[in-house]
Amino acid sequence: MPKGKLTFDHERCKGCGLCVEYCPQKILYQDKKTLNDSGYNIVSVSEPDKCIGCAFCAMMCPDSVIKVEVDK
Amino acid sequence: MPKGKLTFDHERCKGCGLCVEYCPQKILYQDKKTLNDSGYNIVSVSEPDKCIGCAFCAMMCPDSVIKVEVDK
Amino acid sequence: MAKVLMKGNEAIALAAIKGGVDAFYGYPITPQNEVPEYLSKHLLANGKVFLQAESEVAAINMVYGAAGAGKRVMTSSSSPGIALKQEGISYIAAAELPCVIVSVMRGGPGLGGIQPSQADYYQATRGGGNGDYQLIVYAPESIQETIDIMKESFDIADYYRNPVMVLVDGLIGQMMESVDFDKPVKERFLPEKDWATNGTMNHPGKRNIANSLQIDPKALEQHNIHLQEKYNTVKKNEVRYELINFDDPEYVIVAYGTMARICRSAIELLEKEGISVGMIRPISLFPYPKEAFAKIPDKAKGILTCELSQGQMLDDVLIANNGKHKVGFFGRSGGMLPDPEEIVEAIKNFNERVVK
Amino acid sequence: MAKVLMKGNEAIALAAIKGGVDAFYGYPITPQNEVPEYLSKHLLANGKVFLQAESEVAAINMVYGAAGAGKRVMTSSSSPGIALKQEGISYIAAAELPCVIVSVMRGGPGLGGIQPSQADYYQATRGGGNGDYQLIVYAPESIQETIDIMKESFDIADYYRNPVMVLVDGLIGQMMESVDFDKPVKERFLPEKDWATNGTMNHPGKRNIANSLQIDPKALEQHNIHLQEKYNTVKKNEVRYELINFDDPEYVIVAYGTMARICRSAIELLEKEGISVGMIRPISLFPYPKEAFAKIPDKAKGILTCELSQGQMLDDVLIANNGKHKVGFFGRSGGMLPDPEEIVEAIKNFNERVVK
Amino acid sequence: MKKTSNVKVAGFGGQGVMMFGQVLAYSATKDELFGLWFPSYGPETRGGTANCSVIVSDKQINSPVFKNADHLVAFNLPSLEKFRTKVEKDGLILYNGSLIKDDVKEDNILCIGVPVNDIANDLGNVRVANMVMMGAYLELTKLFSDETIEAIIKKFLGERKADLLDINMKAIEKGKAFIKDLGVNYA
Amino acid sequence: MKKTSNVKVAGFGGQGVMMFGQVLAYSATKDELFGLWFPSYGPETRGGTANCSVIVSDKQINSPVFKNADHLVAFNLPSLEKFRTKVEKDGLILYNGSLIKDDVKEDNILCIGVPVNDIANDLGNVRVANMVMMGAYLELTKLFSDETIEAIIKKFLGERKADLLDINMKAIEKGKAFIKDLGVNYA
Amino acid sequence: MTVKYEKTKGLTDKPLSYCPGCTHGIVHKLVGESLVELDILDRAIAIASVGCSVFSYQFFNCDAQQAPHGRACAEATGIKRVLPDNIVFTYQGDGDLASIGIAETIHAANRGENITVIFINNAIYGMTGGQMAPTSLIGQKTTTSQDGRNQADHGNPIKISEMFKTIEGVAYLERVAVNNPKNVIRAKKAIKKAFKYQKEKRGFTMIEVLSSCPVNWGMKPVDALKWIESDMIPNYPLGVFKDKGADDEKN
Amino acid sequence: MTVKYEKTKGLTDKPLSYCPGCTHGIVHKLVGESLVELDILDRAIAIASVGCSVFSYQFFNCDAQQAPHGRACAEATGIKRVLPDNIVFTYQGDGDLASIGIAETIHAANRGENITVIFINNAIYGMTGGQMAPTSLIGQKTTTSQDGRNQADHGNPIKISEMFKTIEGVAYLERVAVNNPKNVIRAKKAIKKAFKYQKEKRGFTMIEVLSSCPVNWGMKPVDALKWIESDMIPNYPLGVFKDKGADDEKN
Ligand SMILES: Cc1ncc(C[n+]2csc(CCOP(=O)(O)OP(=O)(O)O)c2C)c(N)n1
Ligand SMILES: Cc1ncc(C[n+]2csc(CCOP(=O)(O)OP(=O)(O)O)c2C)c(N)n1
Ligand code: SF4
Ligand code: SF4
Ligand code: SF4
Ligand code: SF4
Ligand code: SF4
Ligand code: SF4
Ligand SMILES: [Mg+2]
Ligand SMILES: [Mg+2]
């Protein structure tokens, strides 16, 4: 299984939660404590090791926040 | 076979010849000698006895020139 | 009914219902959306007709149909939407059918913006549809006045068999004010609509036709002359305006709608500074209150036309003034609203603003 | 090329080709049908674009597209058809795209008739689309002048990045005259269309956008001010008019297009009767030749505005005159054409015709 | 010729009224005069009467509209009735004698009926009746030479109908002959 | 009260800015004063900042537009920055102390930060922050009575959200209390 | 002697304005006859469109409105919504309905407006002198397709009935022709059925009629009818495209 | 490490103006990616329509025009006819395309204009605040159908792809959804194929995308995507409606 690495462009994030919902590994979460300049809660990875690099999160993100790199 | 009798409202006639064409008995003709007020050649029946009263002539006349009565 | 706080667009809708509207046909566009939204709820619930048309073009032609059928009918839209209705409006005016058109102006040209503007004065008073026709155009300055005019507009349309346009800037549509819906409307004798195309069963022996085609130029000219005579009657009977602070004004402002209200405040400020400024506030834009200009004292130093546009009513001011006084212009556009202080400045620097 | 006899509409089409038109988009309507018919044949045969659109609305937006893409493009239509184009025209003017719009006026309002008229003066000069925008409008009086203006109109449109309207009455469209296509066109320096939306491959590192949306009211106001400045330049540079018999006129006629030609004959007849009448013939309707009115001798008894309408250019005459002289009006409408004798009568009874 | 000729041509649609007028205007252009033609259709394009106005002049033409015509060419009775009162003093009324049986009289106006349908029928094609009229008209007004007219008609017929040139020119001849036979003089 | 109060309310979309303004205008109407409210949205309806203007007056309101506000209620920093220079002498600036950490000072203007988000959070619903602000605003300006405000808020909530009345009123109380605790006086 | 055929009372006595042999006249008669036979003439409101039939308000013997080019269905909607018990129909050409008016027609159909549309497809703009219509055939010469219509320059002939049969709100839709007595009889049946459906408030009904334009096709009237048979019908096949009431109509 | 997914160069860096979770953004990305992958970005011209995507001229990283409401296909036609070698596409909402712009869209399709239409069906007028769209579902509450859409008052939801598949000039037509990764992948394939067909000059291509409007549907973004699945797809079935090149595309 490939491993994925995520990079977030947090300032573009609108906190919609689509990435969180469609991550098959359920490893994304909205960080209720951290707001970006537009006042949205940003997204973080809870267990980076579990990421399979499927990029579903990035694909579903309407705002091009997430970059996915894979190691295979 | 029913017998038909035609009455023409000649002034409405535009001499288009549709009635002549679609009479199954081929008994209508355009009277090249008689013009109505609008300058069109009017239509006449050559052999009234042959009329079967089908009213195809009247049906095809765009200008409601022809009245068909039948005797049956 | 006590006073209520109401948004302009909703007040327009409710006033239309009070004015007896039978049917509304329109298409969404900012900043007038609350008009159809309110009506969609309240007309359908009361067995009346509300239909969101597929476009402004369709909407105005639905209005044509229902107006021809003898019903009280309206549409509403905003700047580009009114542009699309121009052909239909010309037809309705030509066929002499009554209807009410609400135009809530936003910034232009083109798609422009959605903030308040008065840059559709030409569109309202000079057509854009083809031929010599006129709408009866009212431009209220407050929600209260909008309500009063809306309620009356159906009667006026019916009386003259002519479309009436209620022209407001987006601010009047979007703001909320304390208003009263109970002011009585002037009574008019309205003849039966014996011309309505509602089936010959309703008028045996006579076919009713709603039509604007006159292929014979003689007949068409006759029809045009008839229309002009009607418009002349309208000019005689339906002029509305308000004169403000007209005792002995040094300058006279001409402004309508929201701009007039801003100018009211400016006049108060100027008064404090010892500058007496009067105002002609046209309420009817067609017919235009030319006669008001005759009341401007000879010694007045000038007339300042104030508009939320680059200068459109200015034409009518120049025509009405006819060279008697100096005419200046102050305008903001694209959705920018001046504050009263800007008008004060403009009056003080009147000479820089003179156009003629 | 020697003189040829040609129908106005066909001459418009050929002149457009000589003016370098790349594409035509239009929709049939009487009395301008020979324009698209001629172009359908000659543009397609030469690898240029001709497309009969599904409607006037579609046609004007096709024009928008091709104009934005940097091509020389035109449409033509008549009264109700122009009404339908008003939204698109406002967009094109707002986006500052060049194009040529031919309007061949027929009798209105509504469906009206198909005979010649000048009742779309407002439509041409006061928009009907939304917002503060202006077309550059030319109103030639003969087929020759129409040809000369058509040929030049594409340059003018490109130069100002503004739509140019060539406004003729149906008679000019339908009649035939002996004309010459070889008159040279004034040379203008036309900058590259580096704003054209033709793919970034043609202008790397820069995206070109054709747009009329300015959601920020400040920006929209700025854009409006920019447009006004442009229109002021147009006013300074592009006014065209002809003064006829202006030595010492007792009366002055103001007329354009076919009406001006009828008045020319009337002036000859009046001359014979010892009445000296001059004429201001506006060729550009926007910019309107206000300065010509300054040349009217103080002692002239009055100005007679003659139109094939119920009085539309009259507004501009009143504004230009600004109260200096008495202004009268003579109009025919719905497709009725006066003969020169009627104008003679009107001058003789000027006082009955005074409007201001 | 008179410096400017204002001509009214009128008849039923289909009688070649428009072509008659256009031939005059084309001829004017060919002869480096000024020519102006304009149509006035009845309420419908089809049927009804059609008429056109033509102006031929040696100077720039001002008003395309004239109150009275110098010459009226009427191909049927309704047209004659409509326009006969709108002809100038010393003018000319040419009318279709085949369809208008009664003699036409107007003060100070030369009125001539030409049985153009009959003559054209004799030629074998009723559609050239308008060119019979053209012959008569030219014989009276002397506006254009035979060469000019022939060139124009040739152009009108184009390649597709080039074979009709002969009969058209013959029709013109017959029209001229008719006037010569009458022995009237106008121009 | 001053005869006419011109109020500017501004913040992020979603902070209840429009409702804040409308509550004032409705209250004015209820108290048989004149009320006027108008919105000014940012370029997009969604996101961005939103602000509205409110005028409460005991006489007919003329210009809906005012140059300077008597009272500015700013729910976030961008709004404060945008409008702080457009407040009248002797005016009032009420700002959201939860989001605006630095002290605000303007000459001749009473500037008070209220930590409305924190107070609302304490109440268990950050969405009533605007009503905390309302409490503070009313305590300072004394524009409307508690009964008036309660009636209006009730209407706003409607039946569907009637259960929220309590927390809204509590928020108002807290806002008032906050001002009382500060011991400032304005009206 | 009994009268087998005479001028219908559904039409006025005014002579029709159409060219000799133009089948607009035949369709007018079928409409008039249907209105009379269904006894709905006195509650009928005709919408004349812009095209050669622009004067049809003078011919249909009932109340009428004349609509801007292409907007007949919007106007009909406006009327029908306020007068639901009247019979409202439009009479539109192919330029009017299929070109400029396609939006209004589709949306009236889609809303299921209870109106009847008589759609005259004569593959040409008749009134304006023979320009290409959206329904003109490939190869057809018109004044704006002088070398014959071709797909690349002018696009395809549009198949209105084929398209409209996909629209939910359509209750009855048939394409007929009036080029010979047999087809005229079928056309009459279709038109009458459409009005019957309207009377029964079943929804949107439309009859597409293949009709002739001898003048702009440059043909004699009789030849024009033959061209309908030889060229139009193969491209525009006749038949019922939709019949919501087919089940309870099987008598 | 290799990059599996990153912001496409087909879009500019400007933050999108859409509401949180609005799938307009997803479709933008698919368009941008397709243009880049097919190497046609530098000859692409986008037509932004009037709707929430009115600002899309700021987002697509190519030349662009902003069209009047509903007229994007006319504008695209105007451009494409004079610049046949450029890639021209429109991006239109359901109000824009299916309501006011249906005529322009049908006729562009019927002429077989070689353009690509990205049609965002979100069953609502987003930008103007949630009025009924022609595609709103029966029962759907909107600001102009406050008790839920019903056929009698408001007409039927219009099925655009079903209608357009009857049109000759259409080369490729598919309905997709962007409500989950699987569907997004399918949507991407469809959009890319449409542009590929345009590159190959095959004719008119259109992709109808079922998209969300969380704000005006009154739902959380995730719930909105579920509603697409549960309510929209059953009414608007996904799939290829027309594929003229299916035969030589079988790889
Ligand atoms: C807005 C507008 N555009 C164009 C016209 C000109 N026009 C009149 S009839 C017509 C076409 C009619 O063709 P069709 O609908 O096919 O009817 P037909 O004459 O063939 O019966 C057109 C384009 C018009 N009157 N109004
Ligand atoms: C001529 C015209 N009519 C109406 C409008 C107002 N308007 C702006 S966007 C819109 C609807 C957009 O809905 P849709 O196309 O579905 O796009 P969405 O916002 O849902 O993405 C309307 C009606 C306008 N700008 N111009
Ligand atoms: S790449 Fe796949 S597994 Fe990794 S966070 Fe994104 S959705 Fe989850
Ligand atoms: S999908 Fe994108 S915008 Fe939405 S929460 Fe995730 S990263 Fe943020
Ligand atoms: S009724 Fe029949 S047989 Fe008699 S004339 Fe007419 S078509 Fe011929
Ligand atoms: S069909 Fe009618 S109009 Fe035609 S020739 Fe026969 S009777 Fe005359
Ligand atoms: S032009 Fe054609 S469609 Fe029109 S009336 Fe004549 S033949 Fe009929
Ligand atoms: S209003 Fe709807 S469609 Fe528009 S951006 Fe917001 S969520 Fe998207
Ligand atoms: Mg047709
Ligand atoms: Mg939408």
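What counts and how
- Numbers given to residues run from 1 along each chain, matching the order in which its sequence is written.
- Whichever chain is written first is A, and whichever ligand is written first is 1; the rest continue in order.
- The model is predicted, so local features are restricted to residues of pLDDT at least 70 and side-chain atom pairs to those at 80 or more, both for listing and for counting; the totals for chains, interfaces and linings are taken over all residues.
- Each side-chain value is derived from all of the structure's non-hydrogen atoms; neither hydrogens nor water enter the calculation.
- Strands here mean DSSP runs of E at least two residues long; helices mean DSSP runs of H or I at least four residues long; both are numbered from the N terminus.
- Just to be clear, the radius of gyration here is over C-alpha atoms, and the globule rule we use is 2.2 Å times residues to the power 0.38.
- Accessible area is worked out with a 1.4 Å probe on protein chains only. A residue is then buried under 20% of its type maximum, exposed over 50%, and partly exposed in between.
- Only heavy atoms matter for contacts: two residues are in contact if any of them lie within 4.5 Å across the pair.
- Areas reported here follow the Shrake-Rupley algorithm with a probe of radius 1.4 Å; residue values treat only the protein chains shown as occluding.
- Positive charges come from Lys and Arg alone, negative charges from Asp and Glu alone, with His and the N- and C-terminal ends not counted.
- To locate a charge, the coordinates of NZ of Lys, CZ of Arg, CG of Asp or CD of Glu are taken.
- Each copy is superposed on the other by least squares, with the fit set by C-alpha atoms of residues at a pLDDT of at least 70 in both.
- Definition of nearness: a residue and a molecule or strand are near each other if at least one heavy atom of the residue lies within 4 Å of the molecule or strand.
- Classification convention: Asp, Glu, Lys, Arg as charged; Ala, Val, Leu, Ile, Met, Phe, Trp, Tyr, Cys, Pro as nonpolar; all other residues, Gly among them, as polar.
- With water omitted from the atoms examined, metal sites may look incomplete; donors here are N, O and S atoms no farther than 2.8 Å from the metal, or 3.2 Å in the case of Na, K and Ca.
- Buried area: the sum, over both parts, of the accessible surface (1.4 Å probe) that disappears when the two are put together.
- The salt bridge criterion pairs a side-chain nitrogen of Lys or Arg with a carboxyl oxygen of Asp or Glu, the two atoms within 4 Å.
- In protein, a polar contact means a hydrogen-donor-capable atom and an acceptor-capable atom, both N or O and within 3.5 Å, with residues adjacent in sequence counting only if both atoms are side-chain atoms; elsewhere, any N or O pair within 3.5 Å suffices.
- Strand pairing is assigned whenever DSSP detects at least two bridges linking the two strands.

J.: Quick rundown of the overall build of chain A? Include the residues and the values.
T.: A tally of regular secondary structure across chain A gives 2 helices and 4 strands. Beginning at the N terminus, the succession of helices and strands in chain A can be written as β-α-β-β-α-β. Relative to a compact globule of 72 residues, whose C-alpha radius of gyration would be 11 Å, chain A shows 11 Å and is just as compact. Dimensions of chain A, computed from C-alpha atoms along their principal axes, come out at roughly 35 × 20 × 15 Å. Residue burial in chain A is summarised as follows: out of 72 residues, 53% are buried. Taking as baseline every contact in chain A between residues at least 6 positions apart, the subset at least 24 positions apart corresponds to 60%. Just so you have it, chain A exposes about 3,600 Å², and 52% of that area is on carbon and sulfur atoms. Averaging the locations of the 10 positively and 10 negatively charged side chains of chain A gives two centres separated by 3 Å.

J.: Tell me about the relation of the copies chain C and chain D, and please be specific about residues and values.
T.: Superposition of chain C onto chain D requires a rotation of 180° combined with a translation of 0.0 Å along the rotation axis, giving an RMSD of 0.0 Å. Those values place the two copies in the arrangement expected of a two-fold rotation axis. Minimal C-alpha separation from the rotation axis in chain C is found for Gly128 of chain C, amounting to 1.8 Å. The overlap is high: 100% of the interface residues of chain C also sit at the interface in chain D, so the same surface is used on both sides.

J.: So what about the site of ligand 6? Which residues, and what values?
T.: Within the structure, ligand 6 sits among Cys13, Lys14, Gly15, Cys16, Gly17, Cys19, Val43, Cys61, Pro62, Val65 and Ile66 of chain B. Counted by class, the shell around ligand 6 contains 8 nonpolar, 2 polar and 1 charged residues.

J.: Outline the coordination of the magnesium ion (ligand 9), listing residues and values.
T.: All names here are of chain G. The magnesium ion (ligand 9) binds to the protein through Asp94 (OD), Asn122 (OD1) and Ile124 (O); the donor distances cover 2.1 Å. Here the donor residues of the magnesium ion (ligand 9) are spaced in sequence according to D-x27-N-x1-I. Separated by 28 residues along the polypeptide, Asp94 in helix H3 (residues 94–100) and Asn122 in the loop between strand E5 (116–121) and helix H5 (151–154) bring together distant segments of the chain. Since its relative accessible area comes to 1%, Asp94 is described here as buried. Residue class for Asn122 comes out buried when judged on its relative accessible area of 5%.

J.: Now, about the coordination of the magnesium ion (ligand 10): what can you tell me, with residues and values included?
T.: A four-donor tetrahedral metal ideally has 109.5 degree angles, and a six-donor octahedral metal ideally has angles of 90 or 180 degrees. All names here are of chain H. Every protein donor of the magnesium ion (ligand 10) is accounted for by Asp94 (OD), Asn122 (OD1) and Ile124 (O), and the metal-donor separations fall at 2.0 to 2.2 Å. Read from N- to C-terminus, the donor residues coordinating the magnesium ion (ligand 10) fall into the pattern D-x27-N-x1-I. Its relative accessible area of 2% is what places Ile124 among the buried residues.

J.: Can you tell me about the interface of chain C and chain D, naming the residues and giving the values?
T.: At the junction of the two partners, chain C supplies 59 residues and chain D supplies 59 residues. Interface of chain C and chain D: buried area, both sides summed, is about 5,100 Å²; carbon and sulfur atoms make up 57% of it. The interface formed by chain C and chain D includes 4 salt bridges. Where Arg332 of chain C meets Glu221 of chain D, a salt bridge forms, and the shortest distance between an N and an O atom there is 2.7 Å. At the junction of chain C with chain D, the criterion picks out 34 residue pairs in polar contact (both at pLDDT 80 or more). Elements supplying a minimum of two residues to the side of chain C that touches chain D: helix H4 (79–84), helix H5 (86–94), helix H6 (121–125), helix H9 (217–237) and helix H12 (313–321) of chain C.

J.: Got a sec to walk through the pairing of strand E3 (residues 63–66) of chain G? Specific residues and values, please.
T.: Residue and element names in this part refer to chain G. Side chains Asp63 and Gln65 project from E3 onto one buried face, and the interleaved Ala64 and Gln66 project onto a second face that is buried too. Bridge count for strand E2 (residues 44–48) against E3 is 4 bridges, and the pairing is parallel. Looking across to E3, one finds that Ile47 is bridged to Gln65.

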